[in-house]
Each structure stands twice: as C-alpha cells, then as structure tokens.
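# Geometric and topological summary
Listed here are the chains, written in short residue letters.
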Amino acid sequence: MPIAFGEDRYIGRPAELEELAHLIRAVQDGSGSLLLVSGDAGMGKTRLAEEAGRLARAAGLAVSWGQCAEAEGAPPYLPWTQVFNQLSAGSPLTRIPDWRKPAEEQGSRFQLFEEALEAMREVSTRSPVVVILDDVQWADAASLHLLQYAASQLPSLPVMVLANPRSRGGERARDHPSQHWAPKGGPAIALASADGKRG
Ligand SMILES: Nc1ncnc2c1ncn2[C@@H]1O[C@H](COP(=O)(O)OP(=O)(O)OP(=O)(O)O)[C@@H](O)[C@H]1O
Ligand SMILES: [Mg+2]
C-alpha cells in the first residue's frame with residue numbers, strides 16, 4: 001500500500017472540529033459550556049473527545065477525562081472522582097469533595113455540589129479546563145445531577161465539559177436518566193453518520 005494512514009490520524013469531520021475550536025476559544029475567553037456529543041455505538045464519540053483533548057492541550061488548557069463504567073455497582077461519582085484526581089494531581093486543590101462518604105454524612109447534596117464547583121473554579125484560575133465525560137449513558141444518577149448542576153454555571157467559568165452519551169445500544173440507556181437530564185439549547189454534536197471514520 002503506497003498510502004498508510006497512521007493509527008492516530010483523525011479523518012474528516014471538519015464541521016465538528018471547527019465547532020470544537022470555536023468552543024475552546026470561548027473557554028479561553030472565560031466562557032465554558034456543556035457540549036453533548038451523541039451518536040450510536042462506534043460513530044466516533046470517544047475519538048472526537050480525544051481529538052478535543054488534543055486540541056485543548058495544544059492550546060494550553062488543562063484536560064481531564066472521566067470514564068463512566070458499564071459495570072453495575074460502580075461507586076457514585078466515579079467519573080467526577082477521576083476528573084478531580086487528575087486536575088489536582090500536579091498541584092493539589094485546597095479542597096475536593098469527599099465522594100466516598102456515605103450520603104448521610106455528606107451534608108446536603110447541594111453542599112457537595114458547591115464544593116465540586118468551588119474546586120472547578122479553583123482549578124480554572126490556573127488555566128482554562130476541558131473535562132471529558134465518556135460513555136455518559138452509564139453514569140450514575142448522582143454524577144448526572146452534578147453535571148446538570150454544573151451546566152448552568154459553565155457559561156461564566158473557563159470550563160468546558162464534553163459529555164459523550166451513546167444514543168442507542170447502551171444496555172442501560174433506555175430508562176437511564178442520561179436520556180432525560182440534558183439541558184436544552186446548549187451546544188451539541190450528533191454524529192449521525194461515520195463520514196469521518198475509517199471503514
Ligand atoms: N474521525 C475519525 N478518524 C479516524 N478514526 C476514527 C474516527 N472516528 C472514529 N474512528 C475510529 O473508529 C472506531 C470507533 O470510534 P469510537 O470508539 O470513537 O466510537 P464511539 O462512538 O465512542 O463508540 P461507543 O459508543 O462504542 O463508545 C475507533 O477505532 C476510532 O478510532
Ligand atoms: Mg466511545
């Protein structure tokens with residue numbers, strides 16, 4: 001074969017990449033968003049999120065990745081735990097919420113969410129941030145509530161959250177809150193066809 005596409009080469013999807021570049025510029029200007037990247041299994045959601053992470057890093061932003069787990073019994077807030085652990089790895093944050101505490105010892109959920117937002121504000125004073133939540137169709141309900149809570153505050157913070165919900169094909173998807181929580185009217189990319197995907 002005269003032409004060998006490297007495994008890492010991202011193909012096509014210029015409109016989506018332009019939208020990402022636009023949102024990354026907005027985050028650099030202090031205005032974040034919740035970007036939903038949806039599509040069926042294999043349409044390229046994770047790959048686009050990786051590309052977003054690469055673009056964001058190249059622009060000097062901090063990037064963290066929360067992976068939602070398909071397995072039943074994953075601890076609540078698992079993706080957010082990963083995100084905040086990564087964000088505080090280099091230089092610890094003053095305070096990150098103690099997700100492991102039993103709910104009755106956490107105080108109100110509002111308090112926990114506010115602690116999470118405060119931690120986000122602190123980390124975003126160091127550099128703008130992109131948070132990726134992959135496979136959000138498998139997120140626990142508490143994580144989704146925090147995402148919903150954070151979403152309304154993102155426009156006034158240099159923090160962009162990119163959440164990947166699978167449209168169909170997730171085992172728990174049909175009745176899962178991830179099908180109903182998403183705020184209307186925010187930026188969204190629907191990967192309806194695999195025009196940029198290698199066969
Ligand atoms: N634009 C692209 N250029 C090159 N390869 C791509 C592109 N989009 C997707 N792929 C490749 O196609 C495969 C499926 O993509 P990906 O894993 O991102 O799908 P997904 O939507 O996240 O699927 P799932 O719902 O199962 O998580 C991967 O091997 C990925 O690297
Ligand atoms: Mg994926």
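Now for a description of the structure that goes with this document. (Residues numbered from 1 in each chain as written. Chains lettered and ligands numbered in written order. Predicted model: local features only at pLDDT ≥ 70, side-chain atom pairs only at ≥ 80, totals over all residues.)

On to the overall build of the protein, then. When its secondary structure is counted, the protein shows five helices and five strands. Ordered by position from the N terminus, the helices and strands of the protein form the series α-β-α-β-α-α-β-α-β-β. A burial count over the protein gives 35% of its 199 residues as buried. Sequence-distant contacts in the protein: of pairs separated by 6 or more residues, those separated by 24 or more amount to 80%. (Helix = DSSP H or I, 4+ residues; strand = E, 2+ residues; numbered from the N terminus. Buried ≥ 20, exposed ≤ 12 C-beta atoms within 10 Å, placed from the backbone. Contact = placed C-beta atoms within 7 Å.)

With that out of the way, let us pick up the nonpolar core. By size, the foremost hydrophobic cluster in this structure holds 47 residues, and its most contacted members are V130, L133, V161 and L162. Once residues lying within four places of it in the same chain are set aside, the contact partners of L162 are L35, V37, A49, A52, V130 and I132. (Core = buried A, V, L, I, M, F, W, Y, C linked by C-beta atoms within 7 Å.)

As a further point, take the pairing of strand 4 (residues 159-163). Most of strand 4 sits inside the fold, with five of its five residues counted as buried. Side chains of strand 4 alternate between two faces, with V159, V161 and A163 and M160 and L162 buried alike. Summarising the sheet, strand 1 (residues 33-39) and strand 4 pair through four bridges and their orientation is parallel. Residue pairing in the sheet places L35 in a bridge with L162 of strand 4. As a crossover connection, the stretch from strand 3 (residues 129-134) through helix 5 (residues 141-151) into strand 4 is right-handed. (Pairing = 2+ DSSP bridges. Right-handed = clockwise from strand over helix to strand, strands pointing away.)

Here we come to the pairing of strand 3. Counting buried positions along strand 3 yields six of six residues, so the element is predominantly enclosed. Burial along strand 3 is two-sided: V129, V131 and L133 and V130, I132 and D134, pointing in opposite directions, are all buried. One ladder, built from six bridges, connects strand 2 (residues 62-67) with strand 3; its direction is parallel. Of the residues in strand 3, the one forming a bridge with V63 is V130. Here strand 3 runs beside strand 4; their pairing, made up of five bridges, is parallel. Paired with V129 across the strands is V159, a residue of strand 4.

With that settled, consider unusual backbone geometry. For Y77, which is not glycine, the phi torsion reads 65° and is therefore positive. Looking at the element boundaries, Y77 is found in the loop between strand 2 and helix 3 (78-87).

Pairing in this open sheet of five strands is parallel, and the strands run 2-3-4-1-5 from one edge to the other. Looking along the sheet, the strands with just one partner apiece sit at the ends: strand 2 and strand 5 (188-191). With direction set aside, neighbouring strand axes in the sheet form an average angle of 15°. Packing against the sheet, helix 2 (residues 45-58) makes contact with strand 1, strand 2, strand 3, strand 4 and strand 5, and its axis sits at approximately 165° to strand 3. (Axes fitted to C-alpha atoms, helices over the stretch in contact; angles between N-to-C directions.)

A word on helix 4 (residues 109-126). Over its 18 residues, helix 4 extends 27 Å from the first C-alpha to the last, a length consistent with the 26 Å expected when each residue adds 1.5 Å. Every buried residue of helix 4 is accounted for by L112, A116, A119, M120 and V123. Buried residues of helix 4, seen end-on, are gathered within an arc of 100° and therefore sit on one face of the element. Looking at helix 4, the residues exposed on the side facing more than 90 degrees away from the buried face are F110, Q111 and T125. As for helix 4, its buried residues are in contact with strand 2, helix 3, strand 3, helix 5 and strand 4. (Expected span 1.5 Å × (residues − 1). Arc of directions from axis to C-beta.)

Purely geometric stuff here, so don't read any function into it on its own.
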